[in-house]
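Now for the letters of each chain:
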Amino acid sequence: MGLLQELRYYLRSQSTSLPRYLLEQTLMSLLGGLPGLLGIGLRGIAYKAILHADGVPIIEHNVRLLNPARIRLGAKVYLDTGVYLNALPSGITIGAGTNLMHGVIFHVFNYRDLPHAGITVGQNCFFGEYTCIRGQGGVRIGDGVYTGTQVNIAAVNHVFADPNRFIKDQGITADGITIEDDVWLGSNVTVVDGVTIGRGSVIGAGAVVTKSIPPYSIAVGVPAKVVGDRRDPEAVKRFNDAKVFYGELEKLRGQE
Ligand SMILES: CC(C)(COP(=O)(O)OP(=O)(O)OC[C@H]1O[C@@H](n2cnc3c(N)ncnc32)[C@H](O)[C@@H]1OP(=O)(O)O)[C@@H](O)C(=O)NCCC(=O)NCCS
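(A) Summary view of the overall build of the protein chain. When helices and strands are counted, the protein chain shows four helices and 25 strands. The C-alpha radius of gyration computed for the protein chain amounts to 20 Å, which stays within 12% of the reference 18 Å derived for 256 residues, consistent with globular compactness. Taken over the C-alpha atoms alone, the protein chain extends approximately 65 × 55 × 25 Å along its principal axes. Buried residues in the protein chain amount to 33% of all 256 residues. Put simply, 28% of the contacts in the protein chain that link residues at least 6 apart link residues at least 24 apart.

Below is the structure:
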């Protein structure tokens, strides 16, 4: 590949056109590193020129956005420092009231023209620090989904059928991942490609989810196995006497 072709390839991975790239880079260089409320305010207004946002998005400093023209943010989406959104080229949509904490990565990673690539997240979700989503096969997440820290959701597998060739040269498969409404993934959970996690399920810390999980399951372990059903009063009776806490933001937004 010649230098010019490599440059074109690089630019395509960064933005939708050269003029947009220049605008995006200018705004992000000027405002991207500005801390505090002033930075949040200026980015909230100015970044509407480079991404789609309902209302004013709350974007902390040092957030990295690639292909921002393909990013859609609902009202009151919060992006903490160190968040990295790469929407190439199939897009990232994040629903209203969703929080991405420090170091969260959403990367569509579609360098191979996969038809279902993309990442779509519903409303009022919360992604813990360093959670990473790869969206080659398409990742669809419902409303009110919460993750602990360092969760991995990877809608891709490498093909390794031929032991005589490098794995990296054998292509990928990517069927997609669906996580329905009201799911809680504990810290360090990994969800592999092709899995659906049913509505209302709880996945214990450190689990590797290799098969689909029915709604309202409690599942733990490697590989994840269902050990309970949230609709069974016996499975949740320890909450009967538990002291339960709510946050001010949940009260403010009527989510408690
Ligand atoms: C799964 C979890 C929610 C507990 O659910 P629970 O229904 O109360 O489960 P129990 O504590 O009754 O445990 C049921 C069984 O699963 C096991 N288990 C519980 N959590 C487990 C986990 N994360 N990995 C492996 N096994 C686990 C228990 O040892 C128990 O096994 P046993 O029946 O052989 O004794 C909790 O253990 C957990 O993993 N929480 C995530 C914490 C976290 O990541 N917080 C981050 C903040 S978002």
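On we go.
(B) Summary view of the pairing of strand β24 (residues 217–220). Every second residue of β24 is oriented toward a common face, the buried set being Ser-217 and Ala-219 and the non-buried set Ile-218 and Val-220. Strand direction decides the pairing type here: strand β22 (residues 202–203) and β24, joined by two bridges, are parallel. Looking across to β24, one finds that Ile-203 is bridged to Ala-219. Across four bridges, the pairing between β24 and strand β25 (residues 225–229) is antiparallel. Bridging from a neighbouring strand, Ile-218 pairs with Gly-228 of β25. What sits between β24 and β25 in their antiparallel hairpin is a turn of four residues, with Gly-221 showing a positive phi close to 95 degrees.

(C) Region of interest: the nonpolar core. Core analysis: the largest hydrophobic core is formed by 51 residues, its most contacted members being Ile-92, Ile-203 and Val-209. Put simply, the parts of the chain that give this core at least two residues each are β4 (71–73), β7 (92–94), β10 (119–121), β13 (139–141), β18 (177–179) and β22. The residues touching Ile-203, leaving out its near neighbours within four places in the chain, are Leu-185, Gly-186, Val-189, Ile-197, Val-209, Ala-219 and Ala-224.

(D) Representation of the sheet that holds β4 within the structure. Reading across from one edge, β1-β4-β7-β10-β13-β18-β21 is the order of the seven strands in this open sheet, with parallel pairing throughout. Two strands bound the open sheet, and with one partner strand each, they are β1 (52–53) and β21 (196–197).

(E) A look at the site of the ligand. In the vicinity of the ligand, 14 residues are found, and the nearest of them are Gly-148, Gly-186, Ser-187, Gly-204 and Ala-205. Every element with two or more residues in the shell around the ligand is listed here: β24 and β25. For the shell around the ligand, the residue count by class is six nonpolar, eight polar and no charged.

(F) The arrangement of the sheet that holds strand β3 (residues 64–66) in detail. Reading across from one edge, β3-β6-β9-β12-β15-β20-β23 is the order of the seven strands in this open sheet, with parallel pairing throughout. Bordering the open sheet on either side are β3 and β23 (208–209), each of which pairs with just one other strand. Here strand β9 (residues 105–107) runs beside strand β12 (residues 132–134); their pairing, made up of three bridges, is parallel. Its bridge partner lying in β12, Phe-106 is registered against Ile-133.

(G) Local environment of the environment of Arg-12. Secondary-structure assignment places Arg-12 in helix α1 (residues 3–14). The spatial distance from the C-alpha of Arg-12 to the C-alpha of Val-244 is 49 Å, given a sequence separation of 232 residues.

(H) Highlighting unusual backbone geometry. Here the bond from Val-222 into Pro-223 is cis, since omega is -10 degrees, no more than 30 degrees from zero. Note that Pro-223 resides in the loop between β24 and β25. Despite not being glycine, Asn-67 shows a phi value in the positive range, around 55 degrees. Inspection of the secondary structure puts Asn-67 in the loop between β3 and β4. In this structure, Asp-113 takes a positive phi of about 55 degrees despite not being glycine. Mapped onto the elements, Asp-113 comes out in the loop between β9 and β10. Judged by C-beta crowding, with 8 C-beta atoms within 10 Å, Asp-113 ranks as exposed.

(I) Structural context of the environment of Ala-219. Take Ala-219: it is sitting in strand β24. For Ala-219, a count of 22 C-beta atoms within 10 Å corresponds to the buried category. Remark: the alpha-carbon pair of Ala-219 and Leu-185, spanning 34 residues in sequence, is separated by 9.8 Å. Beyond its immediate chain neighbours, meaning those up to four positions away, Ala-219 contacts Ser-201, Ile-203, Gly-204, Ala-207, Ile-213, Ala-224, Lys-225, Val-226 and Val-227.

Thresholds applied
- Residues numbered from 1 in each chain as written.
- Predicted model: local features only at pLDDT ≥ 70, side-chain atom pairs only at ≥ 80, totals over all residues.
- Helix = DSSP H or I, 4+ residues; strand = E, 2+ residues; numbered from the N terminus.
- Rg over C-alpha atoms; globule rule 2.2 N^0.38 Å.
- Buried ≥ 20, exposed ≤ 12 C-beta atoms within 10 Å, placed from the backbone.
- Contact = placed C-beta atoms within 7 Å.
- Pairing = 2+ DSSP bridges.
- Core = buried A, V, L, I, M, F, W, Y, C linked by C-beta atoms within 7 Å.
- Near = placed C-beta within 6 Å.
- Nonpolar A, V, L, I, M, F, W, Y, C, P; charged D, E, K, R; others polar.

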